[in-house]
Amino acid sequence: MSSQTLSAMEGGERIVTLENHIIDSQKEVPGASGAFSALLSSIGIAGKIISREVRRAGLIDILGLTGDTNVQGERVTKLDIYAHNLLTRVMARCGQVCGMASEEHPSFLQVPSDLERGRYIVCFDPLDGSSNIDVNAAIGTIFGIWKTRHHPDECTEEDVLQPGSEIVGAGYVIYGSSTIFVYSSGRGVHAFTLDPSIGEFLLSHRDIKTPDRAKIYSCNEGNAYRWNHEGARRYITYLKSEDNAAGKPYSGRYIGSLVADFHRNLLDGGIFLYPADKRKPEGKLRLLFEAAPLAYICEQAGGAASTGWTAIRDVVPKKLHHRVPLIIGSRLDVEEAERFIQGQSATGAPAALERAGS
Ligand code: AHM
Ligand code: MG
């Protein structure tokens, strides 16, 4: 063998595709049938197709895709409905799912009886942050996977109404400067960047751990005057001061696209807040489609997620479109935010005492 060939074999890392990774992870689960792996792979394929469509979104005006019919005379739909239809079709036909729920659909969707049904339930937000498409900001697809409690043929809406603590896998695909697929099935959080030239998601971030302490806070501060809890306002004021636990003001970063805000905070350390407010006393974000899947990912990476009072994983959905206040990100910051919201100071003392002493 020539020395040239030998040096080509040395150095560098193994290139791991999403598919390889899913199969390798399956080998670590004794008795795994491959059903879960097949389901994840199907979501990966849907993510690639949605990515392709999102990449063309800027051409909408030029190609005339905003109407019902494009220049080729083909019927077209808005991107979030396109993503919903695609995911629904892919999930229904992958053979591993018995029922699903989507942020874009009011009711539970059972896989038709003429298709093969599996034991998994999938909840998804097909295109989160879709109001940002027109300004070319990052958007994403969020998904959470649960198991049905019944026989696949008897799965009903009740099977979807499970708390985050019962999730068996979750993830998201972010359509940003790159398309990245992030998932966890309880063995860490891993991210795969799409190489569009070969059409493969390649492992780019192995076993992501989020910092315990944030550098960034993300919230729609324009809503602060109508947040229901004075503690939430006090918390943000505290973050902007030099007297906070970090000893310097946090940076504010808010895209208004949950997946994008979450992804940045996951990698760099950050806290995202969407507190209850007077217009939305129950919160804005949906438990099954947004909060519970991202809480699962965040906890797997060492972070935390809370309503301000309760861990997101413990909230039992009362209906498909159940909404919750969401505080998610670096663990120490989420715990501190909870203390403020519950009327305690950052050190755990009641707010009234702190005010009296100041
Ligand atoms: P969507 O699922 O309809 O896109 O709405 C959810 C989005 C999140 O991505 C984002 O965090 C939030 O709504 C932004 O809300 P606001 O514009 O009120 O700040
Ligand atoms: Mg959404």
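Residues numbered from 1 in each chain as written. Chains lettered and ligands numbered in written order. Predicted model: local features only at pLDDT ≥ 70, side-chain atom pairs only at ≥ 80, totals over all residues. Heavy atoms only, no water.

K.L.:
Give me the lowdown on the sheet that holds strand β8 (residues 200-205), citing residues and values where you can.
P.N.:
In spatial order, the strands read β2-β1-β3-β4-β5-β6-β7-β8; together these eight strands make up an open sheet with mixed pairing. Unpaired on one side and paired on the other, β2 (109-110) and β8 mark the two borders of the sheet. Relative to strand β4 (residues 139-147), strand β3 (residues 120-128) is paired through seven bridges, and the arrangement is antiparallel. Within β4, the residue paired with Tyr 120 across the bridge is Lys 147. Its contacts with the sheet place helix α2 (residues 18-27) against β6 (179-184), β7 (190-195) and β8, and it is angled at close to 5° to β6. Lying over the sheet, helix α9 (residues 287-300) contacts β1 (97-102), β3, β4, β5 (169-175) and β6, oriented at roughly 80° with respect to β4. (Pairing = 2+ DSSP bridges. Helix = DSSP H or I, 4+ residues; strand = E, 2+ residues; numbered from the N terminus. Contact = heavy atoms within 4.5 Å. Axes fitted to C-alpha atoms, helices over the stretch in contact; angles between N-to-C directions.)

K.L.:
Break down the confidence of the model for the chain for me, with residues and values.
P.N.:
Residues shown with low pLDDT carry predicted positions that ought not to be read at fine detail. Confidence in the prediction of the chain, expressed as mean pLDDT, is 89, and 88% of residues score 70 or more. Below a pLDDT of 50 lies the segment residues 62-72, which in the model reaches 20 contacts outside its immediate sequence neighbourhood of four places, other chains included. (pLDDT = per-residue confidence, 0-100.)

K.L.:
Report on the sheet that holds strand β9 (residues 216-218), specifying residues and quantitative values.
P.N.:
Strand order in this open sheet of five strands is β10-β9-β11-β15-β13, and the pairing throughout is mixed. With partners counted over all chains shown, the strands left at the sheet margins are β10 (251-252) and β13 (304-306), one partner each. The sheet contact formed by strand β11 (residues 270-274) and strand β15 (residues 326-329) spans four bridges and is antiparallel. Each bridged residue has a counterpart across the sheet, and for Ile 271 the counterpart in β15 is Gly 329. The strands that helix α8 (residues 258-268) touches are β9, β11 and β15; relative to β11, the one it contacts most, it runs at about 150°. Packing of α9 onto the sheet brings it into contact with β13 and β15, and relative to β15 it is tilted by some 25°.

K.L.:
I'd love a proper account of the coordination of the magnesium ion (ligand 2), names of residues and values included.
P.N.:
Metal coordination angles in their ideal form are 109.5 degrees for the four-donor tetrahedron and 90 or 180 degrees for the six-donor octahedron. For the magnesium ion (ligand 2), the full set of protein donor atoms is Asp 125 (OD), Asp 128 (OD) and Glu 290 (OE), and the range of their distances to it is 1.9 to 2.2 Å. In primary-sequence terms, the residues that donate to the magnesium ion (ligand 2) follow D-x2-D-x161-E. With a gap of 162 residues between them, Asp 128 in strand β3 and Glu 290 in helix α9 connect regions that are remote in the sequence. Residue Asp 128 is classed as buried on the basis of its relative accessible area of 6%. The exposure class of Glu 290 is buried, given its relative accessible area of 4%. (Donors = N, O, S within 2.8 Å, 3.2 Å for Na, K, Ca; no water. Buried < 20%, exposed > 50% of the residue type's maximum accessible area, 1.4 Å probe, protein only.)

K.L.:
Go over the nonpolar core with me, naming the residues and quoting the values.
P.N.:
Membership of the largest hydrophobic core comes to 46 residues, with the highest contact counts inside it found for Val 160, Tyr 172, Phe 262, Leu 288, Ile 312, Leu 326 and Ile 328. By residue number, the principal contributor to this core is α9, which donates 10 residues. When we break this core down by domain, the ones giving at least three residues each are domain 1 (3-205) and domain 2 (216-357). Discounting residues that sit within four places of it in the chain, Ile 312 has contacts with Leu 287, Ala 291, Ala 292, Ala 295, Ala 305, Ser 306, Thr 307, Val 324, Pro 325 and Leu 326. Grouped together as the second largest cluster of nonpolar side chains are 41 residues, Met 100, Ile 145, Tyr 183 and Phe 192 included. (Core = buried A, V, L, I, M, F, W, Y, C linked by side-chain atoms within 4.5 Å. Domains from an automatic or database assignment.)

K.L.:
How would you explain the site of ligand 1 if you had to name every residue and give the values?
P.N.:
Neighbouring ligand 1 are 15 residues; Glu 103, Gly 129, Tyr 254, Leu 258 and Tyr 274 lie closest to it. One of the backbone N or O atoms of Gly 129 is found 2.7 Å from an oxygen atom in ligand 1. In this structure, Tyr 274 approaches ligand 1 through a side-chain N or O atom, which is 2.6 Å from an oxygen atom. Coverage of ligand 1 by the protein amounts to 78% of the 470 Å² it exposes when considered alone. (Near = heavy atom within 4 Å. Polar contact = N/O pair within 3.5 Å; in protein donor to acceptor, adjacent residues only side chain to side chain. Areas by Shrake-Rupley, 256 points an atom, 1.4 Å probe, with all protein chains shown as cover.)

K.L.:
Before we move on, could you go through the pairing of β6 and cite the residues and values that matter?
P.N.:
With six of six residues buried, β6 lies mostly within the body of the structure. Where burial is concerned, the two faces of β6 agree: the one with Thr 179, Phe 181 and Tyr 183 and the one with Ile 180, Val 182 and Ser 184 are both buried. Where β5 and β6 come together, six bridges link them in antiparallel fashion. Of the residues in β6, the one forming a bridge with Ala 170 is Ser 184. Where β5 hands over to β6, the hairpin turn is made up of three residues, counted between the paired strands. Examined bridge by bridge, β6 and β7 share four bridges and lie antiparallel to one another. Each residue of the ladder has a partner; that of Tyr 183, found in β7, is His 190. Turn length for the β6-β7 hairpin, with the two strands adjacent in sequence and antiparallel, is five residues, and the turn residue Gly 186 shows positive phi of about 95°.

K.L.:
Tell me about the side chain of Glu 53, residues and numbers included.
P.N.:
Topologically, Glu 53 is positioned in helix α3 (residues 35-55). Taking the relative accessible area as the measure of exposure, Glu 53 reaches 16% and is therefore buried. Sequence-distant contacts of Glu 53, that is, excluding residues within four places in its chain, are made with Leu 79 and Tyr 82.

K.L.:
Tell me about the pairing of β7, and please be specific about residues and values.
P.N.:
Sheet analysis places β7 next to β8, joined by five bridges and oriented antiparallel. Pairing of Phe 192 across the sheet is with Leu 203, part of β8. Adjacent in sequence and paired antiparallel, β7 and β8 are bridged by four residues, among which Gly 199 carries a positive phi angle near 70°.

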